[in-house]
Amino acid sequence: MTPPTTQPPSDQPEGKAEPKHTSAAEAQSNAWLKTELARNAQRPYPMDFIRMVFTDLSEIHGDRNFADDPAMQCSMARFHGEEVLVISNVKGRTTKDNVKFNFGLPNPEGYRKALRVMKIAEKFGRPIFTFIDLLGANPGLGAEERGQGEAIARNLLEMSRLAVPTIATVTGEGGSGGALALAVADRVLMLENAVYSVISPEGCASIMWRDASKRAMAAEALKTTSEDVMTMGCVDDVVPEPPGGAHLDPDAAARMLDEKLTWHLNELKAMSTEARLAARREKFRNIAQFFTV
Amino acid sequence: MAWFKRQDNEIENSSPEKRVRTEGLWVKCEGCDQYIFKADLDNNQQVCPKCGQHHKIDARCRVANLLEPGYELVDLELKSTDPLNFYDVKSYKSRLAKAQQATGLNDAIVNAVGRLGTHDVVLSVMEYAFIGGSMGSVVGETIARAVDRSLESRRPLIIISASGGARMMEGIASLMQLAKISSGLAQLDDAGVPYISVLTDPTTGGVTASFAMLGDLNIAEPGALIGFAGPRVIEQTIRQKLPEGFQRSEFLLEHGMLDAVVPRQELKPYIDRALSFMTAAT
């Protein structure tokens, strides 16, 4: 039987009319539960966090080349009164919004807009905050034609040498290159129940097991939880969430996030620009060294 | 009764040297479906003499084709530690062992220092035959070391990509390699050292979304598959057939994503020429 290929396996029971039970493998898998939690539609999305933590938002549009990508937003904002730039992808909750914001998946012009606006912040010495909650790259014809790979690559390179303090936070799903394109920062944070991965569990399952329904096993094998990613040294800090997850008490979650952001920003501001850039370079030069000589 | 049954039906060829072995002498070209004498293909850098189809070529042959004799292969000693202890239908360790045996390399990458035409260069070549040329910690570190060599010596850097993307068996660690190499390339850019990226069939996923697209020049071999999302994934998502030639070198050239499409035989003179342009002024 060929597995469903495009969508994640549906919640409908297959064949016989049995109620859907979470399979034993899925229930046991902490990593898969975390993935589901990170994807929970009630969970605060990046824009929800931004509205709770920042004030005086004023959006900046367009990449000056092709279009304004609604799935990526860049805004001047104030963080405890200080002028900063906030960038995030935008996710919808309704069908209409999901279409409008392309399920939160930015297009190349979105990444290019983000970079253009980051350079404005750099010019005027304003710290940059990015917030990430996206599944991965946008698999579309137009995105490929307009050089999605190049757009992401350019962001990685340029973010590594931005002169201003940068703090990236994975609030939900940090999916592959699309997430990394906003996450080459002085500090990379991850919410406790967020996941950060090189590929979605579904994608991994359909490649390695040739069966997307093995997603729970794939999630487990990929070690995508904040604890695992932190252990491997691929993020700098984990932001705690209220008991049960951010969706149960968004205000408390926002306060906890605020606290961490404040702490890290103060640390970064205490460093000289040269020291901060050198530390960022060093961090990424020595990240994820898993080899023997 | 068995009058029709021959007793001594063994036809023996007593001297083995009389046998003419034909296996492996001829190969079928993927491009024109014609049979080509394998020696002709080998002498032509694996390019079909009849239709010009560029067949895959192993990393060490590429180095030999591009650099003058006397080059040195370096940074070959690194080996993956399997950070996730990854297991799908097979263990990652067994996949690694098999690939190491098949290719004679520790991972999907070869670094070399030597002379290309009139220029001293650092060359890094990906090996597609090693787990699809995928990039894990070892590939990432080896390329980062090539960048370091380039920075220290101010020799131009050339990276030849052939990869399915990040190696998912190393999870998030393989994603971080994109950031590692890209930030190294930012320093190379600041230092004004030339970097030429050569994209070969196939260059997809995380490799396209990092160093392969960050050259001062990004050039590709003809007909190479180049993209971020794979064509099958896109087809399944948009549920329609992709146009002919989608994500091939010529398509990218047309869309302004490449500086040139250069046939394999002309690669060396092209790079030599470009490096003269890039280094003469300093």
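1. Examining the overall build of chain A
Point 1. Looking only at helices and strands, chain A has 13 helices and nine strands in total.
Point 2. Taking 2.2 N^0.38 as the reference for a compact globule, 293 residues should give roughly 19 Å; the C-alpha atoms of chain A span a radius of gyration of 19 Å, in line with that estimate.
Point 3. For chain A, the spread of C-alpha atoms along the principal axes amounts to about 65 × 45 × 40 Å.
Point 4. By the burial criterion, 56% of the 293 residues in chain A qualify as buried.
Point 5. Partitioning the contacts of chain A with sequence separation of at least 6, the portion at a separation of at least 24 is 71%.

2. Re the interface of chain A and chain B
Point 1. Taken residue by residue, the interface counts 49 residues in chain A and 59 residues in chain B.
Point 2. At the boundary of chain A with chain B, total buried surface from both sides reaches about 4,700 Å², with 71% on carbon and sulfur atoms.
Point 3. When the area that chain A buries against chain B is broken down by residue, the three leading residues are A:Glu144, A:Met208 and A:Arg285, summing to 14%.
Point 4. Scanning the region where chain A abuts chain B turns up four salt bridges.
Point 5. Of the charged contacts in the structure, one is a salt bridge between B:Asp190 and A:Arg161, with a shortest N-O distance of 2.8 Å.
Point 6. Across the contact surface, chain A and chain B share 16 residue pairs in polar contact (both at pLDDT 80 or more).

3. What to know about the pattern of salt bridges
Point 1. Applying the stated criterion to the full structure yields 39 salt bridges over all chains.
Point 2. Between B:Glu221 and B:Arg62 there is a salt bridge; the shortest N-O distance is 3.0 Å. Remark: B:Arg62 occurs in helix α2 (residues 59-66) and B:Glu221 occurs in the loop between β9 (217-220) and β10 (226-227); sequence separation between them is 159 residues. The pair B:Glu221 / B:Arg62 is uniform in exposure class, with both members buried.
Point 3. Here the residues in one salt-bridge network are A:Arg285, B:Glu77, B:Glu141, B:Arg145, B:Asp148 and B:Lys180, joined through shared partners.

4. Examining unusual backbone geometry
Point 1. Between B:Asp201 and the following residue, B:Pro202, the backbone shows a cis peptide bond with an omega angle of -15°.
Point 2. Unusually for a residue other than glycine, A:Asn102 sits at a positive phi of about 50°.
Point 3. Its location among the elements puts A:Asn102 in the loop between α4 (95-100) and α5 (108-123).
Point 4. Using a relative accessible area of 24% as the deciding quantity, one classes A:Asn102 as partly exposed.
Point 5. Positioned with a positive phi, A:Ala288 is a non-glycine residue whose angle comes to about 50°.
Point 6. Structurally, the position occupied by A:Ala288 is in the loop between α13 (273-285) and β9 (291-292).
Point 7. You can call A:Ala288 buried: its relative accessible area is 4%.

5. A few points about the packing of helix α3 (residues 46-53) of chain A against helix α12 (residues 250-269) of chain A
The description of two packed helices rests on the angle between their axes and on the distance between the axes.
All names here are of chain A.
Point 1. One way to put it is that α3 packs onto α12 with a least axis distance of 9 Å and a crossing angle of 70°. Relative to α12, the element α3 lies roughly perpendicular. In this structure, α3 uses Phe 49, Met 52 and Val 53 to contact α12, whose residues at the interface are Pro 250, Asp 251, Ala 253, Ala 254, Leu 257, Asp 258 and Leu 261.
Point 2. Grouping the amino acids of the contact of α3 with α12 by side-chain chemistry returns eight nonpolar, no polar and two charged.

6. Here we look at the confidence of the model for chain A
Point 1. Residues at a pLDDT of 70 or more form 90% of chain A, whose mean pLDDT is 89.
Point 2. Below pLDDT 50 for its whole length, residues 1-26 of chain A participates in 24 contacts with residues either more than four positions away or in separate chains.

Procedures and definitions
- Residues numbered from 1 in each chain as written.
- Chains lettered and ligands numbered in written order.
- Predicted model: local features only at pLDDT ≥ 70, side-chain atom pairs only at ≥ 80, totals over all residues.
- Heavy atoms only, no water.
- Helix = DSSP H or I, 4+ residues; strand = E, 2+ residues; numbered from the N terminus.
- Rg over C-alpha atoms; globule rule 2.2 N^0.38 Å.
- Buried < 20%, exposed > 50% of the residue type's maximum accessible area, 1.4 Å probe, protein only.
- Contact = heavy atoms within 4.5 Å.
- Buried area = accessible area lost by both parts, 1.4 Å probe.
- Salt bridge = Lys/Arg side-chain N within 4 Å of Asp/Glu carboxyl O.
- Polar contact = N/O pair within 3.5 Å; in protein donor to acceptor, adjacent residues only side chain to side chain.
- Axes fitted to C-alpha atoms, helices over the stretch in contact; angles between N-to-C directions.
- Parallel < 35°, antiparallel > 145°, perpendicular 65-115°, else oblique.
- Nonpolar A, V, L, I, M, F, W, Y, C, P; charged D, E, K, R; others polar.
- pLDDT = per-residue confidence, 0-100.

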